[in-house]
Amino acid sequence: MGDAVSPSLVEDDIHIWTWRLDSEFLSACGDWLTAEERDRCAELPEPHAQIRFAAGRSGLRFLLARYLGGEPSDVILKEDRFGKPCLGLDASLAFNLSHAGDIAAVALCRGGEVGIDIEVETAGHIELRGILSAEEKRQLHLLGLPLDRSVLLQIWVWKEAVLKASGLGLSVDPAKVVLTFERQGRRLVARNGTVPGFGSYELRSFVPVPGFVGAVAVTREGLRMLSFSLCREHLNEACRMWSDLGRSKAS
Ligand SMILES: CC(C)(COP(=O)(O)OP(=O)(O)OC[C@H]1O[C@@H](n2cnc3c(N)ncnc32)[C@H](O)[C@@H]1OP(=O)(O)O)[C@@H](O)C(=O)NCCC(=O)NCCS
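### Remarks on the nonpolar core
- If you look at the biggest cluster of nonpolar residues, it comprises 51 residues, and the most contacted ones within it are Ala107, Val114, Ala161 and Val216.
- With eight residues, the top contributor of residues to this core is helix 5 (residues 149–166).
- The residue makeup of this core includes at least three contributed by each of domain 1 (19–93 + 102–108 + 225–245) and domain 2 (113–219).
- Among residues more than four places away in sequence, those in contact with Ala161 are Gly115, Ile116, Asp117, Leu203, Ala215, Val216 and Ala217.

### Quick notes on the sheet that holds strand 8 (residues 187–195)
- Judged by pairing direction, the sheet is antiparallel, and its five strands sit side by side in the order 6-10-9-8-7 without closing on themselves. Every other strand in the sheet has two partners, leaving strand 6 (114–120) and strand 7 (178–184) as the edge strands with one partner each. Going across the sheet, the axis of each strand differs from the next one's by a mean of 25 degrees, ignoring polarity.
- One ladder, built from seven bridges, connects strand 6 with strand 10 (residues 212–218); its direction is antiparallel. In the sheet register, Ile116 faces strand 10, and the bridge partner there is Val216.
- Those strands touched by helix 4 (residues 134–143) are strand 7 and strand 8, and its axis lies near 10 degrees from that of strand 7.
- Where helix 5 meets the sheet, its contacts fall on strand 6, strand 7, strand 8, strand 9 (199–206) and strand 10, and the angle it forms with strand 6 comes to roughly 150 degrees.

Conventions used here
Residues numbered from 1 in each chain as written. Predicted model: local features only at pLDDT ≥ 70, side-chain atom pairs only at ≥ 80, totals over all residues. Core = buried A, V, L, I, M, F, W, Y, C linked by C-beta atoms within 7 Å. Buried ≥ 20, exposed ≤ 12 C-beta atoms within 10 Å, placed from the backbone. Helix = DSSP H or I, 4+ residues; strand = E, 2+ residues; numbered from the N terminus. Domains from an automatic or database assignment. Contact = placed C-beta atoms within 7 Å. Pairing = 2+ DSSP bridges. Axes fitted to C-alpha atoms, helices over the stretch in contact; angles between N-to-C directions.

The structure is reproduced here in structure tokens:
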């Protein structure tokens, strides 16, 4: 299936890439952001937030360029009605980005919509009370599993992945998303989630890195999920390739 620098994504797969949002990663990236992205970055109040945004967008542009061909700075991104970034030209490649702490994750697939959410396991900033619908409360009562904060955080991540796949984001109350749960031993699993009147999504859970929880929602069923880490070496290798290509075009 290609290699880490030129991956090939077949119709039946979802690819998940994770990387660190730090200055080391950013220093291996080229000058890939658009003027608009650079302005947005400059408006962020703290240097740390600026590094996170720039390393997130640069990693995203790098990956999209590897799947589409061409250079990261040439990728044309636009935003839909609720701000979900999508491709200006190749609409068949769907992607979504999430960041939490100093980690970013991108999910990519073909021929459907995708949403991803990651959170730090200890995330204290999320208000988890009131995220369950009446139907979910009924299901959870029947399954008889304890509903502690870590289970509620996992439910949050499933719901946000569904809302991000739909593109609605948090413009819709997460309590309006209805998940279908099942019990696997002592574990709670959600197989799909529905935004009533909008769409239904298959759900997957994954661990981006230890100490984090993650979920992906997709419109297509039965896809195989493959996970990869993006590191400086991938960037260096690809940058060398771009500069060789530039030289051969010029000669
Ligand atoms: C999308 C949203 C849930 C992200 O929240 P968050 O806690 O920052 O979560 P994440 O880190 O998981 O996701 C951020 C990324 O999701 C993507 N994103 C932005 N809006 C999105 C949307 N509506 N749907 C899906 N993905 C979206 C972006 O790539 C963003 O990262 P970037 O800004 O660095 O490119 C939240 O910002 C939201 O609900 N936005 C839209 C709501 C709205 O009403 N917008 C008004 C019109 S623009």
